[in-house]
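Chain residues, written in single-letter form:
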Amino acid sequence: MKLSVIGAGYVGLTTAACLAQIGHDVFCSESDVEKLAKLQNGGMPLFEPHLEDVIKGVRKAGRLRFGSTEEAIAWGDAIFICVGTPPLANGDADLCAIEVVARAIAKRATGYRLIIEKSTVPVQTGAQLRKHLSVHSTNGLRYDVASNPEFLREGTSVEDFLHPDRIVIGADSPRAAGLLREIYEPIVQQKFTCPIHSGCPKRKDPIFLATDTNSAELIKHASNSFLAMKISFINMVANLCEVVGADVTKVAEGMGLDPRIGPAFLNPGIGFGGFCFPKDVQAFVRIAEKSGCDFSLLKEVEKINQRRVEHFVEKIRKELWVVRGKKIAVWGLAFKPNTDDVRFAPSITLVKALLAEGAAVRAYDPEATEKARAVLPEVTYCTDAYRAAEGADAILIVTEWDEFRQMDWNRLLSTVEQPLVIDGRNVFSPEQISGKGFRYVSIGRVDASPWQAAVGEKIDSSSLRAGNSVQEVPA
Ligand code: UGA
């Protein structure tokens, strides 16, 4: 089918590339001229595993082109709107970009088009779109508006698109529902050439769930808010563990074994970030408020998340006593591993707080340095994690990149000023760091046992103080 995708961000670009991969003829537009030129010249405006290879392949096969919004509108029988819906100051989603695209479609498109909202939008946006299209349509456009929320995670977006658990569509006419089913049939049947796995392992076929537009729109916001709630919940449990001397990893494991709860999204840390959860929770609260429903549960989710960085800074203060003048290594800046995205990343708030207290920050991230530099110019950016740790009074683990699991701790021990690791993502278990000569502080873990403290004391603890969730470990 001839398909158009408007907007080449994480969602749009992945959608365009993967729809082409499963056999459609896709035109993808981008209004940022620099980004568009990059894409047209074979460059990538963002880092996302596998995406570059998929784009190369489908462009070579002639199934993906990049160009202007006008060209995209002229091209597709179905048009996916994948433009940004950033948060406004009051928490509402800013629908400006959607409105501009809808107006352009109304003015330029002819014949019948299926218009699909894929951007995350408040419930009833589909209804607004329909109204807007009929008000501004000048060429006798016939159309359906459908919702097709995406559940892609940055860092695994290609895999998530091609092997989803579910495909949700909200369509209010049989024609729209039928077209969406046709578009996704290769994925529903899992019949396409998979660019990631050779001889794709047999998986459960995705569930194709068709609903009305309002329900589909709500599914997206409700899903993201629920996941955010799970994270804030476990973060509060972690706080409790620190006070009562329990181990949050074990608590989460025990909870997750109940299939009604499940183990996913029970990893405590310095809070959720990225361009989805923080804004979607806020937007969902606003949607509820405007509808006269008091969803204060979600306000708490947001508040708990906002306090995570301060809680982490408090751990740093407790260990270093005085933060001013200290050299602090920050490992990881992206809001999660396998992406270069630093939007609403806890790292940004954290580093700003450390700089405000007078620390010198040396940071390393495998992919996000350039994007972080634009918002945090005062930081010294290092080319690897060892360099970041040179002379450091503390190493902070802020993003759980895999490479941090493979560090040479002897080498680190010889380079740091103070052997202290404060792990904001519980990348290690205290046992894994034990024997490495480092003091290890993490999230929601038990206090050092008397045995561990005693052994640690013998090694090197003269400059270190005991505290909650601290493991002192032998060299
Ligand atoms: C999220 C959803 O998971 C996707 O399903 C959705 O499509 C996407 O938002 C979106 O709306 O576009 P994403 O923001 O890429 O995806 O990242 P997640 O993997 O969900 O992580 C979000 C944040 O939560 C990260 O900062 C991560 O570190 C944090 N997190 C996640 C935790 O702190 N603990 C956990 O147990 C899981």
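If you're wondering where the values come from, they're calculated on a predicted model, not measured in any experiment. (Residues numbered from 1 in each chain as written. Predicted model: local features only at pLDDT ≥ 70, side-chain atom pairs only at ≥ 80, totals over all residues. Heavy atoms only, no water.)

This prediction gives the protein chain a mean pLDDT of 92; 93% of its residues lie at or above 70. For the stretch residues 447-475, pLDDT sits under 50, and the model shows 69 contacts to residues farther than four places along the chain or on other chains. (pLDDT = per-residue confidence, 0-100. Contact = heavy atoms within 4.5 Å.)

Further remarks concern the side chain of Ser29. On the secondary structure map, Ser29 appears in strand β2 (residues 25-29). Residue class for Ser29 comes out buried when judged on its relative accessible area of 1%. Residue contacts for Ser29: discarding those within four places in its chain leaves Val5, Ile6, Gly7, Ala8, Gly67, Ser68, Thr69 and Ala72. (Helix = DSSP H or I, 4+ residues; strand = E, 2+ residues; numbered from the N terminus. Buried < 20%, exposed > 50% of the residue type's maximum accessible area, 1.4 Å probe, protein only.)

Turning our eyes to something else, we now look at helix α12 (residues 296-306). Within the sequence span of α12, burial applies to Leu298, Val301, Glu302, Ile304 and Asn305. Considered in projection along α12, the buried side chains sweep an arc of 160° and stay on one side of the axis. Turning to α12, the residues buried within the fold contact α9 (213-244), α11 (277-290) and α13 (308-320). (Arc of directions from axis to C-beta.)

This brings us to the sheet that holds strand β5 (residues 112-117). Taken in spatial order, the eight strands line up as β3-β2-β1-β4-β5-β6-β7-β8 in an open sheet, and their pairing is mixed. The open sheet has two free edges, formed respectively by β3 (64-67) and β8 (207-211), since each of these has just one partner strand. Strand-to-strand twist in this sheet, taken as the mean axis angle between neighbours without regard to direction, amounts to 25°. Of the strand pairs in this sheet, strand β4 (residues 78-81) and β5 are connected by four bridges, and their pairing is parallel. Bridge assignment links Phe80 to a residue of β5, and that residue is Ile116. Along the sheet, helix α8 (residues 174-188) contacts β1 (2-6), β4, β5, β6 (142-147), β7 (166-171) and β8; its crossing angle with β5, the most-contacted strand, is approximately 65°. (Pairing = 2+ DSSP bridges. Axes fitted to C-alpha atoms, helices over the stretch in contact; angles between N-to-C directions.)

Counting residues in each nonpolar core, the largest one holds 64 residues, and the members touching the most others are Ile316, Val330, Trp331, Leu354 and Leu396. With five residues, α13 is the largest single contributor of residues to this core. Among residues more than four places away in sequence, those in contact with Leu396 are Phe312, Ile316, Ile328, Ala329, Val330, Trp331, Leu350, Leu354 and Ile422. Membership of the second largest hydrophobic core comes to 47 residues, among which are Leu13, Ile22, Leu39 and Ile196. (Core = buried A, V, L, I, M, F, W, Y, C linked by side-chain atoms within 4.5 Å.)

The grouping of Leu240, Val243 and Val244 at the surface amounts to a nonpolar patch, some 320 Å² of accessible area in total. Mapped onto the elements of the fold, Val244 is located in helix α9. (Patch = residues over 30% accessible without salt bridge, like charges linked within 9 Å, V, L, I, M, F, W, Y side chains within 5 Å. Areas by Shrake-Rupley, 256 points an atom, 1.4 Å probe, with all protein chains shown as cover. Salt bridge = Lys/Arg side-chain N within 4 Å of Asp/Glu carboxyl O.)

Enumeration according to the criterion identifies 28 salt bridges in this entry. Between Glu52 and Lys56 there is a salt bridge whose closest N-O contact spans 3.9 Å. In this pair, Glu52 and Lys56 are both assigned in helix α3 (residues 51-60), four residues apart and thus about one turn of the helix distant. The residue Arg286 makes a salt bridge to Asp92 at a minimum N-O spacing of 3.0 Å. Within this pair, whereas Arg286 is found in helix α11, its partner Asp92 is found in the loop between β4 and α5 (96-108), the two being separated by 194 residues in sequence. A relative accessible area of 21% places Arg286 in the partly exposed class. Bridged by salt links that share partners, the residues Asp92, Arg286, Glu289, Lys290 and Lys299 form one connected network.

Before going further, it helps to examine the environment of Arg425. Relative to the elements of secondary structure, Arg425 occurs in the loop between β13 (420-423) and α18 (430-433). Counting along the chain gives 155 residues from Arg425 to Ile270, while the straight-line C-alpha distance between them is 6.9 Å. The contacts of Arg425, once residues within four sequence positions are left out, are Pro268, Ile270, Gly271, Phe335, Pro346, Ile397, Val398, Thr399 and Glu400. Engagement of the side chain of Arg425 in a polar contact is seen with the backbone oxygen of Gly271, the distance being 3.4 Å. (Polar contact = N/O pair within 3.5 Å; in protein donor to acceptor, adjacent residues only side chain to side chain.)

Counted according to the given criterion, the structure contains 12 aromatic pairs. For the ring pair Phe27 and Trp75, a centre distance of 6.3 Å and an interplane angle of 40° mean the geometry is tilted. Pair noted here: Phe27 is in strand β2 and Trp75 is in helix α4 (residues 69-75), with a separation of 48 residues, a long-range link. Ring pairs connect the aromatic residues Trp331, Tyr364, Phe404, Trp409, Phe428, Phe438 and Tyr440, which therefore count as one cluster. (Phe/Tyr/Trp six-rings, centres within 6.5 Å; stacked < 30°, edge-to-face > 60°.)

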